[in-house]
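What the coordinates show
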Amino acid sequence: MGSQYAAKRNFDFGPGNHNSVSNLSPYIRRRLITEAEVVKAALELHGSEGAEKFIQEVFWRSYFKGWLERRPDVWRSYCKGVQTDLEKIQADPDQNARLKRAEAGETGIACFDAWISELTQTGYLHNHARMWFASIWIFTLKLPWRIGADFFYRNLLDGDPASNTLGWRWVAGLHTRGKAYEAKVWNIAKYTGERFTPLQSDIASDIQPLDRSEPEGLPALQPLRRPTGPEENLPTALLITEEDCSIETFQPGTLNICSTGIVLASHLRSPRPVADHIKAFEAGALADVSNRLKINPCQINMRDPTALAVWAKETGAQQIVTAYVPEGPTRDWLREAETVLHEAKIPLCEWRRDWDAEVWPHATASFFKVKQKIPSILSSLEIC
Ligand SMILES: Cc1cc2nc3c(=O)[nH]c(=O)nc-3n(C[C@H](O)[C@H](O)[C@H](O)COP(=O)(O)OP(=O)(O)OC[C@H]3O[C@@H](n4cnc5c(N)ncnc54)[C@H](O)[C@@H]3O)c2cc1C
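Before going into details, it helps to say that this report is about the structure given with it. (Residues numbered from 1 in each chain as written. Predicted model: local features only at pLDDT ≥ 70, side-chain atom pairs only at ≥ 80, totals over all residues. Heavy atoms only, no water.)

**Observations regarding the packing of helix α4 (residues 52-70) against helix α5 (residues 72-90)**
- Two elements in contact, α4 and α5, have axes separated by 4 Å at closest approach and are oriented at 85°. Judged by the angle between their axes, α4 and α5 are roughly perpendicular. Of the residues in α5, those in contact with Trp 67, Leu 68, Glu 69 and Arg 70 of α4 are Pro 72, Val 74 and Trp 75.
- For the contact of α4 with α5, the per-class residue count stands at 5 nonpolar, no polar and 2 charged. (Axes fitted to C-alpha atoms, helices over the stretch in contact; angles between N-to-C directions. Helix = DSSP H or I, 4+ residues; strand = E, 2+ residues; numbered from the N terminus. Parallel < 35°, antiparallel > 145°, perpendicular 65-115°, else oblique. Contact = heavy atoms within 4.5 Å. Nonpolar A, V, L, I, M, F, W, Y, C, P; charged D, E, K, R; others polar.)

Structure follows, in structure tokens:
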């Protein structure tokens, strides 16, 4: 997290050797460890100067999450677009064959084929490899960016609606409009320690950002959703999702809890099959929270949007409480479930972390706006 990280974090030494980065993303993404905890640990160990780079990277996650909260239409259009792109590709035998070769790691581009194998076998890719991979997918292989994002999302243990969708949009030139990320032969050779030196013909040069494919530009900025807090004495159903696996820090013990439930949401990541290692990781994360809280929660059926209301009613709950669920598949499911909850007069209350409340108001444009605020955000959160 200190000077070693700042100097070496861009090097991808390959599977089993990712020791210049933290490998913490599957845990931070599910808040098995919170952003506040890692940043505090980094500051204690390395001081504000030494830990600066690591802390900025953690803030990228929060920036992307806040940015998507302010522009939920970008998530909706991504989900619709994956469906449309899949239908189009099915109808195009040539593109379909190229997609199959890419997903099987049979393109003949050695680095790309190796990243396919690492991703599908381990559920992880180094950040730099994700950038090169996405750039080659979009500009060399000329495959639809959303199918690439979907491929990541179906295989990454840390798969996250905001970081993944916006990471791909950033590479494609849709996030910072007109500026796409170009993978370069020298850059791949240098930062893989020359494990790979692709041929120039393997990598597209003079690339054109995809911003023309979205001529209408970005949707307008929405106000942040204001969650309703719980009432202390009402019989309460506690709902735990993979969005926040440190729910005990909200002190659920102060509420009148009559039932606890979990949802397993990994299968909602994509219309296509999601890797088993992701499902196992999510189940493990939720088992870990349950052990910490010493509870034996009921598993709510996510295939039925009425199941949440039915479960809450059966257990006598008059409100459901959960940690804030940001834009993504679980929020989409909750939106459907909320219609039924409303009819049953059971409010859905959410705890939002101070971290999110501090960062998200600044996540309106580029990362720079958030980066500038890091010292004041950490000071208001008393993490310094
Ligand atoms: C195309 C693309 C897709 C991506 N998809 C995801 C995704 O689905 N889920 C995901 O968690 N990250 C995603 N990232 C961001 C980044 O690659 C990973 O968070 C990082 O590689 C995780 O490894 P680490 O924990 O060892 O990172 P470290 O370098 O140790 O960084 C520390 C922490 O900072 C955060 N972080 C670091 N870089 C970024 C970044 N660029 N954006 C957001 N947060 C960051 C993560 O929480 C990470 O755990 C994507 C990046 C790209 C370019």
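Moving on from the model shown.
**Looking at the sheet that holds strand β1 (residues 235-240)**
- Strand order across the open sheet formed by 5 strands is β3-β2-β1-β4-β5, with parallel pairing between neighbours. Only two strands of the sheet have a single partner each, and these edge strands are β3 (298-299) and β5 (348-351). (Pairing = 2+ DSSP bridges.)

**Side note on the site of the ligand**
- Lining the immediate environment of the ligand, one finds 27 residues, of which Tyr 5, Ser 22, Asn 23, Arg 61 and Asn 127 sit closest.
- A distance of 3.0 Å separates an oxygen atom of the ligand from a polar backbone atom of Ser 25.
- The contact in question runs from a nitrogen atom of the ligand to an N or O atom on the side chain of Glu 57, over 3.2 Å.
- Listed by contribution, the elements that provide at least two residues to the shell around the ligand are α2 (25-29), α4, α8 (127-140) and α10 (161-172).
- The element that contributes the greatest number of residues to the shell around the ligand is α4, accounting for 6 residues.
- By residue class, the composition of the shell around the ligand is 14 nonpolar, 8 polar and 5 charged.
- Composition of the shell around the ligand by domain shows at least three residues from each of domain 1 (1-71 + 353-384) and domain 2 (79-219). (Near = heavy atom within 4 Å. Polar contact = N/O pair within 3.5 Å; in protein donor to acceptor, adjacent residues only side chain to side chain. Domains from an automatic or database assignment.)

**Points about helix α14 (residues 329-343)**
- The first and last C-alpha atoms of α14 sit 22 Å apart over 15 residues, in line with the 21 Å expected at 1.5 Å per residue.
- Of all the bends in α14, the greatest measures close to 30° and is centred on Ala 337.
- Of all the residues in α14, the buried ones are Pro 329, Thr 330, Arg 331, Trp 333, Leu 334, Ala 337 and Leu 341.
- Phi turns positive one or two residues past the end of α14, at Lys 345, with a value near 60°. (Expected span 1.5 Å × (residues − 1). Bend = angle between axes of the 7 residues up to and from the residue. Buried < 20%, exposed > 50% of the residue type's maximum accessible area, 1.4 Å probe, protein only.)

**Considering the pairing of strand β4 (residues 319-323)**
- Counting buried positions along β4 yields 5 of 5 residues, so the element is predominantly enclosed.
- By the alternation rule, side chains of β4 split into Gln 319, Val 321 and Ala 323 and Ile 320 and Thr 322, which are all buried.
- Across 4 bridges, β1 lies against β4 in parallel orientation. By the bridge assignment for β4, Thr 236 is matched with Gln 319.

**Some words on the pattern of salt bridges**
- Evaluated as defined, the whole model comprises 24 salt bridges.
- Across the pair Asp 85 and Arg 146 runs a salt bridge, and its minimum N-O distance is 3.0 Å. Here Asp 85 is found in helix α5, whereas its partner Arg 146 is found in helix α9 (residues 145-155), with 61 residues between them in sequence. Taken individually, Asp 85 and Arg 146 each receive the classification buried, so the pair is uniform in this respect.
- Taking the shortest distance from any N to any O, the salt bridge between Glu 327 and Arg 335 comes out at 2.7 Å. (Salt bridge = Lys/Arg side-chain N within 4 Å of Asp/Glu carboxyl O.)

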